[in-house]
Amino acid sequence: MRTFIFFRTRIFLLTLLIFFIIPRNSHAQTQDLNNQSRQSLSIQECIILALNNHPSLRSSKANIKSIEAQLEQIRVSNRMTVNLNGSLNYNGDYKNFSDSYHSEGLSVTASKLLYDTGRNKLQQEIQNENLYGTLETDQNTRVTVAANAKRAYYELVLKILNADVEREKLANLEKHLENARGLYEVGNSAMIEITKAQSDVASAKVSLLKAENDISISQEALRVAMGIEFESAFNISLSTKLLLPSSVSNVDELISTALNDRPDYKKLAHDMKSNELSIKNAARTSSPTINGSIGSSVSKSEGNTETTDYNFGVSINIPVVDGGAKNAALKSAYAQRDQTNAEADALRHGIIYSVRSAVLSLSNAIDRVKSSELSVRYAEENLKLAQGRYEVGVGDPIELSDAVSDLASARYTFYQALYDSQTARADLDEALGHLPIEITEGDLLNNVKD
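Overview of the structure.

What counts, and where the lines are drawn
Residues numbered from 1 in each chain as written. Predicted model: local features only at pLDDT ≥ 70, side-chain atom pairs only at ≥ 80, totals over all residues. Heavy atoms only, no water. Helix = DSSP H or I, 4+ residues; strand = E, 2+ residues; numbered from the N terminus. Buried < 20%, exposed > 50% of the residue type's maximum accessible area, 1.4 Å probe, protein only. Contact = heavy atoms within 4.5 Å. Core = buried A, V, L, I, M, F, W, Y, C linked by side-chain atoms within 4.5 Å. Axes fitted to C-alpha atoms, helices over the stretch in contact; angles between N-to-C directions. Parallel < 35°, antiparallel > 145°, perpendicular 65-115°, else oblique. Left-handed = near helix turned anticlockwise from the far one by under 90°. Patch = residues over 30% accessible without salt bridge, like charges linked within 9 Å, V, L, I, M, F, W, Y side chains within 5 Å. Areas by Shrake-Rupley, 256 points an atom, 1.4 Å probe, with all protein chains shown as cover. Salt bridge = Lys/Arg side-chain N within 4 Å of Asp/Glu carboxyl O.

Some points on the overall build of the protein
Part 1 of the reasoning: Regarding its fold elements, the protein presents 10 helices and 6 strands.
Part 2 of the reasoning: In the protein, which comprises 450 residues, the share counted as buried stands at 37%.
Part 3 of the reasoning: Pairs at least 24 residues apart make up 82% of the contacts formed inside the protein by residues separated by at least 6 positions.

A few points about the nonpolar core
Part 1 of the reasoning: Counting residues in hydrophobic clusters, the biggest one holds 59 residues, and the most contacted among them are Ile47, Tyr153, Leu222, Met226, Ile236 and Tyr415.
Part 2 of the reasoning: Elements supplying a minimum of two residues to this core: helix 2 (43-53), helix 4 (119-185), helix 5 (191-226), helix 8 (325-391) and helix 9 (397-432).
Part 3 of the reasoning: Counting residues per element, this core draws most heavily on helix 4, at 19 residues.
Part 4 of the reasoning: Ile255, Ala258, Leu428 and Ala431 belong to the second-largest nonpolar core, a separate cluster that totals 18 residues.

Here's the deal with the packing of helix 4 against helix 7 (residues 263-283)
Part 1 of the reasoning: Relative to each other, helix 4 and helix 7 sit at 165°, their axes nearing to 8 Å. Relative to helix 7, the element helix 4 is oriented roughly antiparallel. Seen along the crossing, helix 4 lies across helix 7 with a hand that is left-handed.

A few points about a nonpolar patch on the surface
Part 1 of the reasoning: Together, Met80, Val82, Leu84, Leu106 and Val108 make up an exposed nonpolar region whose accessible area comes to about 490 Å².
Part 2 of the reasoning: Counting only elements with at least two residues in the nonpolar patch, the list comes to strand 2 (81-91) and strand 3 (101-115).
Part 3 of the reasoning: Within the secondary structure, Val82 sits in strand 2.
Part 4 of the reasoning: Relative accessible area serves as the criterion here: at 54%, Val82 is assigned to the exposed category.

Read these as geometric descriptors, not functional statements.
Here you go:
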């Protein structure tokens, strides 16, 4: 009795442990994500979060499991099966059960496909190629998800930098308004200059509000790209900012790399192998099959002794007329092969174009960064001169206003060129079938879930 009570006590405590601990662990994982959301996420962390949480990758993993299950179904279909059958029969008046006639029987039968001209093996090979292709599709999804997360990250960085430009522009215009008021008080400027400065400040405030709203929209876009939902706002590490990627050369070598590494292109290669195997399998649609069986049965009826029987047999099925099933299967297999070959040719041209386009875009963006960087320096110097001239009363207010706008425009152009260089690099990595260059093997081993 004491042992029984002790056992029930342990079960009760174990139930409490499951009830309280498991929900807390789940909440702790959510809390960790939310704590991370309040920190500054680097580009590497954003990509890793995307690779761990994006719904499309979960769907891809489920598709792999489905293909693996189908492959297992094909494998087991050719294995031996054993069936056990039992019977119990009563005949007679149900009101007088004792006078009823009854019989019992029990049988065991084992059967197996002995020969099918290799069709089951071909089906396994076809499904294996489908599985390899699905794995390549999963990798291609990973590449796409990572590239989209990188683009969304730098889009957010660009919007933050653009908001900084608007704040700087507003600060310069407010300083101009303050100087205009000071000059007006001493009689060195007209009231219209103050009015114009006030109008410029108001317009700058509106532009800043729009820029801040663009940041919120880009944050939401990054959330979607990472496939997560944070309970609170999150920041990104601005220490990385928009660093200029290095230029690339040897376009032909890059194209060769892309044709070797692109998961979607490798997937089509598996599809082509699957098509060739399907043609062979279709050619054997009406081929003969041989099945074997062996069994034993035990039966007994009322008034008779128990009888035991053994049986074995081999059956051969030779289709004589298949109603055109073989020809139809062959036509379908050949059509699928032609379609896959056409898709491979189209994708090959697309890969070549995407690599060349990304290289050209990257090169152009790098050149624009260098040119626009000089424009920013000249605009900064021009603004200093305009401010100095206006403060001593010899400058033109329109000249100063234009100088402020020119500096903001130069900074916009500079940041846009930097952003374009990063997106071009992301496009190039995706065109090569690689994860972004910011992700290392160590990041994948330590942080990315299988």
